[in-house]
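One-letter residues, chain by chain:
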Amino acid sequence: MGKKFFSEDAVANIIGFVMIGIALYAVQKGINFDAVNFTVWSRAAEIGAQFNDDLYVKLARTYIVLAVFFTIGSALKGENPLKFFAGFTALFFLGVIVRLVSAQFDFNRYLEWAFVALVIGLALANNIGIPDFLKPAVQTEYYIKTGLVIMGFSVLFSNIVNFGLYGLAIAWLVTPIVIIFMWYLGVHMLDMEDRKPFVITIASAASVCGTSAAIAVAAASNAKKNDLSLAVSISIIFTIIMMVLEPVIIRSMGLGELMGGALIGGTIDSTGAVIVAGTALGQLGQTTAVLVKSIQNILIGFIAFAVAVFFTTRADNDGTHKASAAEIWTRLPKFILGFFAASMTASFVVMPLLGKPAVNAVNKILDQYKNWAFVLAFTSIGLDTNFKELREQISGGKPLVLYVVGQLFNIILTFIVVYIALSGKYFPLPSIAL
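Participant: Explain the overall build of the chain residue by residue, including any values.
Facilitator: Scanning the chain from terminus to terminus reveals 20 helices and zero strands. For a compact globule of 434 residues, the expected C-alpha radius of gyration is about 22 Å, and the chain comes in at 21 Å, within 12% of that figure. Projecting the C-alpha coordinates of the chain onto the three principal axes gives extents of approximately 60 × 55 × 45 Å. Across the 434 residues of the chain, 55% fall into the buried class. Roughly 18600 Å² of accessible area belongs to the chain as shown, and the carbon and sulfur atoms make up 67% of that amount. Computing the positive centroid from 29 side-chain charges and the negative centroid from 25, the chain places the two 3 Å apart.

Next up, the structure:
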């Protein structure tokens, strides 16, 4: 172990902002800084056709950028950078396999790469085992914290203006009610008093944006690694189910693209799945779904802060001492501050100075690097998850009951608010630019 200079959260913030700075510079100077991304394929021959000089350049660029930043970050955290680098190289190779497999037509259409990453990681860990040289790089929170800071740049406060009070009602009114409902259901009705961090983590995953919210809230509530893995696994599985079924049900009910898109954006956990499901309804459905989910994503930081305060002052406090501001600050996941700072920078600095086209161009670059960070994170979750421990955690079915009942409540409540706000019977319909 070397000397520790920064915490993991601080390193994630540093890497995230350096990446944002590089992307901004690349857009301004017209430099190609794109990460590698595989196009959709259905036959084996289409895989080989993708491997041309351009792809090799992007693949090398992606590997070098991620390896350099994450390895330097590991050294700043006090870890052995050489051991981390060796493990990271293998993990990145697994990530390439994940991205290539998930680009297959059926997987791309019906499953997200997060599911593929989780399955590949689980299969390797529970059948072959994790080689010792790979273990130093299996760091789920490190990658996803960095990805969330980068993601913050895409969370624009202008989205609130675009959809106004309609989006706030759908995304911000429902979310805290669902979290409170699931907390009461889990702790008081399902007697999961001893698993409070898990309850709040999966409640946040179901009501905000799946794994991103789960990571933030797990850090704020001091959830165990196994609790986070279980919450993420349940969230991913049901996200896939809802992504496929919800557009079908919406069309059969005749809700239309506006209301249907808003319902999808407010209830499906993952942003990627929201885009896929919204697209199934049409362009208006996709735009509405993304707007609602984007407004909901802004809540990640606020929810994490609220959970840190609640657990410090109430849930983890036996009443014998008064929680101080210092305790709350210690519990607060600091990468959330980076998420907020990135969002503020994009919304109130870059957007006014350079305009929306420049912000969109920067986000086009950052989105790929964010996805790569998440691929590394989800593969790490799979590699770090033991089936036996997972089965023990889900024993009795309470975690599944908590998620299913909570998500049903979320869907019903969101539908009620969407109907009131967007049916045209109570308020004039908003004008949404496609």
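Participant: Explain the packing of helix H6 (residues 113–128) against helix H18 (residues 356–383) residue by residue, including any values.
Facilitator: Viewed as axis vectors pointing N to C, H6 and H18 meet at an angle of 35 degrees, and their least axial separation amounts to 6 Å. As for how H6 packs across H18, the hand of that crossing is right-handed. In contact with Trp113, Ala114, Ala117, Leu118, Gly121, Leu122, Leu124 and Ala125 of H6, H18 contributes Asn371, Phe374, Val375, Phe378, Thr379, Ile381, Gly382 and Leu383.

Participant: With reference to specific residues and values, describe the nonpolar core.
Facilitator: With 142 residues, the main nonpolar core has Phe70, Phe88, Tyr143, Phe153, Phe378, Leu402 and Leu422 as its most contacted residues. Sort the elements by how many residues they give to this core and H18 lands first, with 13 residues. The contacts of Phe88, once residues within four sequence positions are left out, are Tyr63, Leu66, Ala67, Phe70, Ala137, Tyr143 and Leu376.

Participant: Break down the side chain of Thr312 for me, with residues and values.
Facilitator: On the secondary structure map, Thr312 appears in helix H15 (residues 299–315). When its relative accessible area of 6% is taken as the criterion, Thr312 is described as buried. Of note is the side chain of Thr312, whose polar atom sits 2.6 Å from the backbone oxygen of Ala308.

Participant: Tell me what's going on with the packing of aromatic side chains, and back it up with residues and numbers.
Facilitator: Across all of its chains, the model carries 25 aromatic pairs by this definition. For the pair Phe33 and Tyr369, a centre-to-centre distance of 5.1 Å together with 25 degrees between the ring planes defines the contact as stacked. Of this pair, Phe33 sits in the loop between helix H1 (8–29) and helix H2 (44–50) while Tyr369 sits in helix H18, placing them 336 residues apart in sequence. A single burial state applies to Phe33 and to Tyr369, both of which are buried. A centroid spacing of 4.0 Å and a plane angle of 20 degrees characterise the contact between Phe181 and Phe409, whose relative ring orientation is stacked. Note that Phe181 is positioned in helix H8 (residues 158–189) and Phe409 in helix H20 (residues 398–422), a separation of 228 residues in sequence. We classify Phe409 as partly exposed; its relative accessible area is 25%. Through a chain of ring-to-ring contacts, the aromatic side chains of Tyr63, Phe70, Phe84, Phe85, Phe88, Phe92, Tyr142, Tyr143 and Trp372 assemble into a single cluster. The ring of Tyr142 carries Lys77 above its face, with NZ or CZ at 3.7 Å from the centroid. Positioned above the aromatic ring of Trp372, the side-chain terminus of Arg99 is 5.2 Å from the ring centre.

Participant: An account of H18 is needed here, citing residue identities and associated values.
Facilitator: With 28 residues, H18 extends 39 Å from end C-alpha to end C-alpha; this agrees with the ideal 40 Å at 1.5 Å per step. In terms of residue burial, H18 counts as a mostly covered element, since 22 of its 28 residues are buried.

Participant: Describe the pattern of salt bridges, naming the residues involved and giving the relevant values.
Facilitator: Oppositely charged side chains can pair when the atoms bearing their charge come close. Following the criterion strictly, the structure yields nine salt bridges and no others. The salt bridge involving Glu141 is made with Lys145; its shortest N-O contact spans 3.5 Å. Pair noted here: Glu141 and Lys145 are both in helix H7 (residues 140–152), with a separation of four residues, about one helical turn. Relative accessible area serves as the criterion here: at 6%, Lys145 is assigned to the buried category. Put simply, Lys370 and Asp367 hold a salt bridge, and the shortest N to O gap is 2.9 Å. Here the residue Lys370 and the residue Asp367 both occupy positions in helix H18, the gap between them amounting to three residues, near one helical turn. Of the residues examined, Lys370 reaches a relative accessible area of 14% and is grouped as buried. On the basis of relative accessibility, which here comes to 33%, the residue Asp367 falls in the partly exposed class. Among the charged side chains, a network of salt bridges with common partners joins Glu8, Asp9, Lys77, Glu79, Glu141 and Lys145.

Reading guide: rules and limits
- Residues numbered from 1 in each chain as written.
- Predicted model: local features only at pLDDT ≥ 70, side-chain atom pairs only at ≥ 80, totals over all residues.
- Heavy atoms only, no water.
- Helix = DSSP H or I, 4+ residues; strand = E, 2+ residues; numbered from the N terminus.
- Rg over C-alpha atoms; globule rule 2.2 N^0.38 Å.
- Buried < 20%, exposed > 50% of the residue type's maximum accessible area, 1.4 Å probe, protein only.
- Areas by Shrake-Rupley, 256 points an atom, 1.4 Å probe, with all protein chains shown as cover.
- Lys, Arg positive; Asp, Glu negative; His and termini not counted.
- Charge placed at Lys NZ, Arg CZ, Asp CG, Glu CD.
- Axes fitted to C-alpha atoms, helices over the stretch in contact; angles between N-to-C directions.
- Left-handed = near helix turned anticlockwise from the far one by under 90°.
- Contact = heavy atoms within 4.5 Å.
- Core = buried A, V, L, I, M, F, W, Y, C linked by side-chain atoms within 4.5 Å.
- Polar contact = N/O pair within 3.5 Å; in protein donor to acceptor, adjacent residues only side chain to side chain.
- Phe/Tyr/Trp six-rings, centres within 6.5 Å; stacked < 30°, edge-to-face > 60°.
- Lys NZ or Arg CZ within 6 Å of the ring centre and 35° of its normal.
- Expected span 1.5 Å × (residues − 1).
- Salt bridge = Lys/Arg side-chain N within 4 Å of Asp/Glu carboxyl O.

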